[in-house]
Amino acid sequence: MKFVFLSLFLLFVQSHEPSLDDLLGKVSPGSDPTFLKISDSFARGDQYLRKEASLAFEEMARAALKDGVKIIAISTTRNFNRQKQIWNAKWTGKRLVQGKNLAETSLSDSAKAMEILKYSSMPGTSRHHWGSDVDINALENDWFEAGEGKKIYEWMQKHAEEYGFCQPYTSKECGRTGYEEEKWHWSYEPISKPYLEAYLSKVKTEMITGFEGAHTAKEVQVIENYVQGITHCNLHEN
Ligand SMILES: [Zn+2]
C-alpha cells in the first residue's frame, strides 16, 4: 500500500510541471489547494508548503520529537509580494542590512544588491517561492552551534534526508557561490529539484523585475550566482 502511494506520489511530482507564476512566486499559499498548512504543533504562525512537502515536514518533525528534538517551521512559502516588501525595505534603508542603512552608504547599486543578497533573495529568485523550502527554529547560524540548536542541527544532518530534506546553503568553502551559509534553511528535494530544473529552462534574467534595484539582476548574475549557488544535496559527503 505504501508502495502504491509512493508511486502515485512520484507520478504526481513528475507530472506537475510548474508554471512561470509558480517559479516566480506569483502564488497565494493560503487559498491555493496545492498548498497545505503545517500543523500548529510544528509551526510558528500560519506556515504553508506544497502538500507533499508539508506532510513530509510533519512526518520528519514527529520523528524528531520522538528523539527529543523539537523542529519548528518559522518561515516557509513567501510569495513575490512578500519578498518584494523585504527587499524594498532593505534597499531603501527602512530595514537595516547587517546593521547598516543601505540608503546612507556610498555603495554602487550592484554592491548594495550584493549586500542584501548575503541572506535575502531578490523577488522572483527565492526558493521560498516554490513551497518546497523551510526555515527552522532560528535565523542565526550561531544558534545551531550550541545547546538545543546544535542538537537540532545534528539531528537534521543525520535524518533530514530520510524525509527528502537537505540543506542547500552549506559552507562556501568548497567554492559554492551565492548566499552565505544558512543552517536553518532546508529544502524538500522531490519538489525543489524539478522546480530548479524548470526555473533554469524557463526563467530569464529580464523576467526578474518589479522591485527597487531590479536593474542590478543582470550585473550580479542573480540566476547563475544565486539561484544556482546551492550545495548539490545528493552529492554531499559525510
Ligand atoms: Zn530560508
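Residues numbered from 1 in each chain as written. Predicted model: local features only at pLDDT ≥ 70, side-chain atom pairs only at ≥ 80, totals over all residues.

### A short note on the overall build of the protein chain
And step 1. If you tally the helices and strands in the protein chain, you get eight helices and six strands.
And step 2. Reading the protein chain from its N terminus to its C terminus gives the helix and strand order α-α-β-β-α-β-α-α-β-α-β-β-α-α.
And step 3. Its C-alpha atoms give the protein chain a radius of gyration of 18 Å, within 12% of the compact-globule value 18 Å for 238 residues.
And step 4. The C-alpha extent of the protein chain, read off along each of the three principal axes, is 60 × 40 × 35 Å.
And step 5. Sorting the 238 residues of the protein chain into buried and exposed places 37% on the buried side.
And step 6. Partitioning the intrachain contacts of the protein chain with sequence separation of at least 6 by distance along the chain shows that 71% fall at a separation of at least 24. (Helix = DSSP H or I, 4+ residues; strand = E, 2+ residues; numbered from the N terminus. Rg over C-alpha atoms; globule rule 2.2 N^0.38 Å. Buried ≥ 20, exposed ≤ 12 C-beta atoms within 10 Å, placed from the backbone. Contact = placed C-beta atoms within 7 Å.)

### Some thoughts on the environment of Asp-135
And step 1. Relative to the helices and strands, Asp-135 is located in strand 4 (residues 133-136).
And step 2. Note: C-alpha distance between Asp-135 and Trp-184 (49 residues apart in sequence) is 5.1 Å.

### A short note on the environment of Val-134
And step 1. With respect to the helices and strands, the residue Val-134 is situated in strand 4.
And step 2. Here Val-134 falls in the buried class, since 28 other C-beta atoms lie within 10 Å of it.
And step 3. For Val-134 and Lys-204, which are 70 residues apart along the polypeptide, the C-alpha to C-alpha distance reads 25 Å.
And step 4. If we ignore the near neighbours within four places in the chain, the residues touching Val-134 are Leu-49, Phe-57, Ala-73, Thr-76 and Trp-186.

### Description of helix 4 (residues 80-91)
And step 1. With twelve residues, helix 4 should cover 16 Å at 1.5 Å per step; its first-to-last C-alpha distance of 16 Å lies within 8% of that length.
And step 2. Buried residues of helix 4: Gln-83, Trp-87, Lys-90 and Trp-91, and no others. Considered in projection along helix 4, the buried side chains sweep an arc of 100 degrees and stay on one side of the axis.
And step 3. At its buried positions, helix 4 is contacted by helix 5 (109-116). (Expected span 1.5 Å × (residues − 1). Arc of directions from axis to C-beta.)

### Quick look at the pairing of strand 4
And step 1. Direction of pairing for strand 3 (residues 73-75) relative to strand 4: antiparallel, over a ladder of two bridges. Pairing of Ser-75 across the sheet is with Asp-135, part of strand 4.
And step 2. Of the pairings in the sheet, the one linking strand 4 to strand 6 (residues 185-188) comprises three bridges and is antiparallel in character. Directly across from Val-134, in strand 6, lies its bridge partner Trp-186. (Pairing = 2+ DSSP bridges.)

### Comments concerning the pairing of strand 6
And step 1. Every second residue of strand 6 is oriented toward a common face, with His-185 and Ser-187 on one face and Trp-186 and Tyr-188 on the other, all of them buried.
And step 2. Where strand 5 (residues 165-166) and strand 6 come together, two bridges link them in antiparallel fashion. By the bridge assignment for strand 6, Phe-165 is matched with Tyr-188.

### Looking at helix 7 (residues 189-202)
And step 1. For helix 7, spanning 14 residues, the distance from its first C-alpha to its last is 19 Å, which sits close to the expected 20 Å at 1.5 Å a residue.
And step 2. Three or more residues of helix 7 are buried, namely Glu-189, Ile-191, Ser-192, Tyr-195, Leu-196 and Tyr-199. Along helix 7, the residues classed as buried sweep out an arc of 150 degrees about the axis, all on the same side. Exposed residues lying more than 90 degrees from the buried face of helix 7 are Glu-197 and Ser-201.

### Quick notes on unusual backbone geometry
For residues that are not glycine, phi is negative in most cases, and the peptide bond is trans in most cases.
And step 1. With a phi close to 50 degrees, Gln-98 is a non-glycine residue in the positive phi region.
And step 2. Looking at where Gln-98 falls in the secondary structure, it is placed in the loop between helix 4 and helix 5.
And step 3. Gln-98 sits in the exposed class, given 10 other C-beta atoms within 10 Å.
And step 4. In this model, Gln-221 sits at a positive phi of 50 degrees, which is unusual for a non-glycine residue.
And step 5. Note that Gln-221 resides in the loop between helix 7 and helix 8 (222-227).
And step 6. Judged by C-beta crowding, with 14 C-beta atoms within 10 Å, Gln-221 ranks as partly exposed.

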